[in-house]
Amino acid sequence: MNSCPQALRDLEGHRVCVSLTDGSRIDDCTLVSAGRGQARTIWIFVDGTDSFLHHDEILDLWCPAVGGRRRAA
């Protein structure tokens, strides 16, 4: 994922949608943490479960905001 770490951190605590490199999507999840320091994973909460995605698995990540998208990638 070629994104600015600050742009990801700005979406922490928000509902997001994630497009993955395998062609699948995760909609309506919460971005808990975009990672700090050398961390190469993001932490999301979806359907009552914590999940961790490696940056290389993520194609796109956005906030499904009313009136448009707020993109991080």
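Here is a short report on the structure shown in this document. (Residues numbered from 1 in each chain as written. Predicted model: local features only at pLDDT ≥ 70, side-chain atom pairs only at ≥ 80, totals over all residues. Heavy atoms only, no water.)

### Section: unusual backbone geometry
Inference 1: A positive phi is found at Asp-28, a non-glycine position, where the angle reads about 55°.
Inference 2: Residue position: Asp-28 is located in strand 2 (residues 25–33).
Inference 3: For Asp-28, a relative accessible area of 48% translates into the label partly exposed.
Inference 4: With phi around 55°, Asp-47 is a residue other than glycine that occupies positive phi space.
Inference 5: Structurally, Asp-47 can be placed in the loop between strand 3 (41–46) and strand 4 (49–54). (Helix = DSSP H or I, 4+ residues; strand = E, 2+ residues; numbered from the N terminus. Buried < 20%, exposed > 50% of the residue type's maximum accessible area, 1.4 Å probe, protein only.)

### Re the pattern of salt bridges
Inference 1: The full count for this structure, using the stated rule, is four salt bridges.
Inference 2: Across the pair Asp-27 and Arg-25 runs a salt bridge whose closest N-O atoms are separated by 2.7 Å.
Inference 3: Looking at Asp-27, the relative accessible area reads 39%, which means it is partly exposed.
Inference 4: Under the relative-accessibility criterion, Arg-25 is labelled partly exposed at 47%. (Salt bridge = Lys/Arg side-chain N within 4 Å of Asp/Glu carboxyl O.)

### Brief notes about the side chain of Thr-30
Inference 1: Among the structural elements, Thr-30 can be located in strand 2.
Inference 2: For Thr-30, a relative accessible area of 16% puts it in the buried group.
Inference 3: At a separation of 2.7 Å, a polar atom in the side chain of Thr-30 contacts the side chain of Arg-15. (Polar contact = N/O pair within 3.5 Å; in protein donor to acceptor, adjacent residues only side chain to side chain.)

### Structural notes on a nonpolar patch on the surface
Inference 1: Together, Val-32, Trp-43, Phe-45 and Phe-52 make up an exposed nonpolar region whose accessible area comes to about 360 Å².
Inference 2: Mapped onto the fold, Phe-52 is located in strand 4. (Patch = residues over 30% accessible without salt bridge, like charges linked within 9 Å, V, L, I, M, F, W, Y side chains within 5 Å. Areas by Shrake-Rupley, 256 points an atom, 1.4 Å probe, with all protein chains shown as cover.)

### Quick look at the pairing of strand 1 (residues 15–20)
Inference 1: Burial analysis of strand 1 places five of its six residues in the buried class, the great majority of the element.
Inference 2: With four bridges joining them, strand 1 and strand 2 adopt antiparallel strand pairing. Following the sheet pairing, Arg-15 is matched in strand 2 by Thr-30.
Inference 3: Across four bridges, strand 1 lies against strand 5 (residues 58–63) in antiparallel orientation. Bridge pairing in strand 5 places Cys-17 opposite Trp-62. (Pairing = 2+ DSSP bridges.)

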